[in-house]
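Each chain is listed here by its residues.
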Amino acid sequence: MTASRTTVVRGLATAVGIVSLVSVTGLATAAPGDPGKPRFTAGSEGVGDNYFPYSGNGGYDVSHYDLAIDYTPPAPSPAPLEGQLSGVATIDLTATADLDRFNLDLRGMTVSAMTVNGKRATGITPPAPGAEVDGAAYWQVQDDAERRWELTVQPRPKLKKGQSVRLVVTYGGTTTRPTDIEQAPYGWYTTRDGAIVVSEPDGSMTWYPVSDHPRDKATYSFRITVPEGKVAVANGLPDGPPVTANGRTTWSWDAVDEQASYLTTASVGDFEVLPVTYSASGVPIHDFVDRKISASRRATTNASLALQPRMIDFFESRFGPYPFSAFGSSVDNDSVGYALETQTRPVYSGSASQGTVAHELAHQWLGNAVSPKDWKHIWLNEGWATYATWLWNEENGIRTAQAAFDSWYAPARTPEYWALPIGDPGPMGLFATQVYDRGAGTLHALRLTVGDEAFFEGVQTWVQRYADSTATTADFQAVYEEVSGQDLDAFFQEWLATPAKPSLP
Ligand code: TRP
Ligand code: ZN
């Protein structure tokens, strides 16, 4: 749910009717494109992100995903590292155009049944481009080379703009170890004892049908059923205690804050459920740590997790009120080689260090509440989360932000290092080290340029203005020009777009 636009159209359509809507828009007579005259088209296969042209979809806006998932982890070694997943996804969406067809993203899972507003659709093989199909139908395309994984729905009757629809998709498959565009592990990543579920940037489609792009945020509810003894950890807060029947346990979660699809998780493992703690502002913190973690990793992890309440207090003082209704971590003994800021409940691999916990927590404001409108704006996520750990370290007498900046800026680095324009790093450069360090360096240089007062006022304005939504680097520049009264064109050009070492402000 992103577009207040749809709400407005629905509100107008019910409150004043279509005829009044025409006069509101100033049209004297019916014309092509008249909102009263449906012109049904296929919603696009992507939202228009040039890094991931088939991520997300056009023509509708999802408000809620309800995911009922039954999962069986792999059998003990030497059985293959494959799990069995079957799901029922109930998806509430609103058409933002008159739709003959529309798409969801779904990769490596097979749909076995679908209803649209309670009416059964028939699964068929993909028709030839432009071919007519009779009746309500759905089909799947799985094109690994093009990274085009689409589930097309042909609703009957067709959907009118502003109409709300409930889609029930029954699906499933064998889970493996998916990889992202640069071959890093992600998605529903099968482990021997369960799964690590971390899906940035487009891996949620490996475990449920989704409009897989931050521009379509939605709320979620989860019922994850696993063998008795396993724990399933998703976003938000537990929706009642786990329920066991016939050797299987269902873990229910409710995520009431809208979230970008890449921030969903439902990790499964042998987790210990830690006692709930709270920030000073009352945010409940639910932590889960793999029982099999070694004693030394467990000690590091416990020490880091114990700091979470104080870290929330500190970041609230810098970034404004914590943006969601819950927090907490899940720490898995298995590894994907990185942590992810999954909304309200970051996922850690192996162990959780203090710096990484600060980084993933800061993402809740910077990346999660405010998300990139296109993936090229990723520096706004990673630069801020990196800079937040500089601030945390400064607050705790570990190292000043200036010292952190100097230790990044001073050493000689290769021309290749400076060549990456972090404002548009390319799909293979999303998680390049420069996006993190030069991103944090950019923010420190911005702070030196506009002064502390404008710098911290700016970040609070940024979070407030774009919370539950997405924004761009241009939007960010506009906020800082507003709070500082300075023209920052040359500054951002040099720091984000120039393929050379930027000069000190
Ligand atoms: N966004 C993660 C973080 O910084 C990092 C991340 C996601 C990542 N996918 C990755 C890092 C792939 C390396 C490779 O917290
Ligand atoms: Zn990060």
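Residues numbered from 1 in each chain as written. Chains lettered and ligands numbered in written order. Predicted model: local features only at pLDDT ≥ 70, side-chain atom pairs only at ≥ 80, totals over all residues. Heavy atoms only, no water.

Caption draft 1: Structural context of helix 10 (residues 452–466). For helix 10, built from 15 residues, the straight-helix expectation of 21 Å at 1.5 Å per residue is met to within 8% by its first-to-last C-alpha distance of 21 Å. Those residues of helix 10 lying buried are Ala454, Phe455, Phe456, Gly458, Val459, Thr461, Trp462, Val463 and Tyr466. (Helix = DSSP H or I, 4+ residues; strand = E, 2+ residues; numbered from the N terminus. Expected span 1.5 Å × (residues − 1). Buried < 20%, exposed > 50% of the residue type's maximum accessible area, 1.4 Å probe, protein only.)

Caption draft 2: Fine view of the nonpolar core. Grouped together as the largest cluster of nonpolar side chains are 76 residues, with contacts concentrated most on Phe315, Phe319, Trp384, Leu446, Trp462, Phe476 and Tyr480. Considering each element in turn, this core owes the most residues, eight residues, to helix 6 (residues 379–395). When residues no more than four places from it in sequence are discounted, the contact partners of Trp384 are Phe319, Leu366, Trp379, Leu443, Phe455, Val459, Phe476 and Tyr480. Of all hydrophobic cores here, the second largest spans 53 residues; its members include Val111, Ala121, Tyr138 and Ala266. (Core = buried A, V, L, I, M, F, W, Y, C linked by side-chain atoms within 4.5 Å. Contact = heavy atoms within 4.5 Å.)

Caption draft 3: Main features of the side chain of Ser211. Looking at the element boundaries, Ser211 is found in the loop between strand 11 (194–198) and strand 12 (218–227). Of note is the side chain of Ser211, whose polar atom sits 3.2 Å from the backbone nitrogen of Asn57. Leave out the neighbours within four places in its chain, and Ser211 touches Gly56, Asn57, Tyr60, Tyr65, Leu104, Asp105, Asp216 and Ser261. (Polar contact = N/O pair within 3.5 Å; in protein donor to acceptor, adjacent residues only side chain to side chain.)

Caption draft 4: Examining the coordination of the zinc ion (ligand 2) more closely. Every protein donor of the zinc ion (ligand 2) is accounted for by His359 (NE2), His363 (NE2) and Glu382 (OE), and the metal-donor separations fall at 1.9 to 2.1 Å. Going along the chain, you hit the donors of the zinc ion (ligand 2) in the pattern H-x3-H-x18-E. Here His363, found in the loop between helix 5 (354–362) and strand 24 (370–372), pairs with Glu382, found in helix 6; they are 19 residues apart in sequence, far enough to count as distant. Accessibility assignment for this pair places His363 and Glu382 in one class, buried. (Donors = N, O, S within 2.8 Å, 3.2 Å for Na, K, Ca; no water.)

Caption draft 5: Region of the structure containing the sheet that holds strand 21 (residues 288–290). The four strands are arranged 18-21-22-23 in an open sheet whose pairing can be described as mixed. The two strands at the open ends of the sheet, each matched to only one other strand, are strand 18 (271–273) and strand 23 (347–349). Neighbour to neighbour, the strand axes of the sheet diverge by 20° on average, direction disregarded. Across the sheet, helix 3 (residues 295–306) touches strand 18, strand 21 and strand 22 (330–332), and the angle it forms with strand 21 is around 170°. (Pairing = 2+ DSSP bridges. Axes fitted to C-alpha atoms, helices over the stretch in contact; angles between N-to-C directions.)

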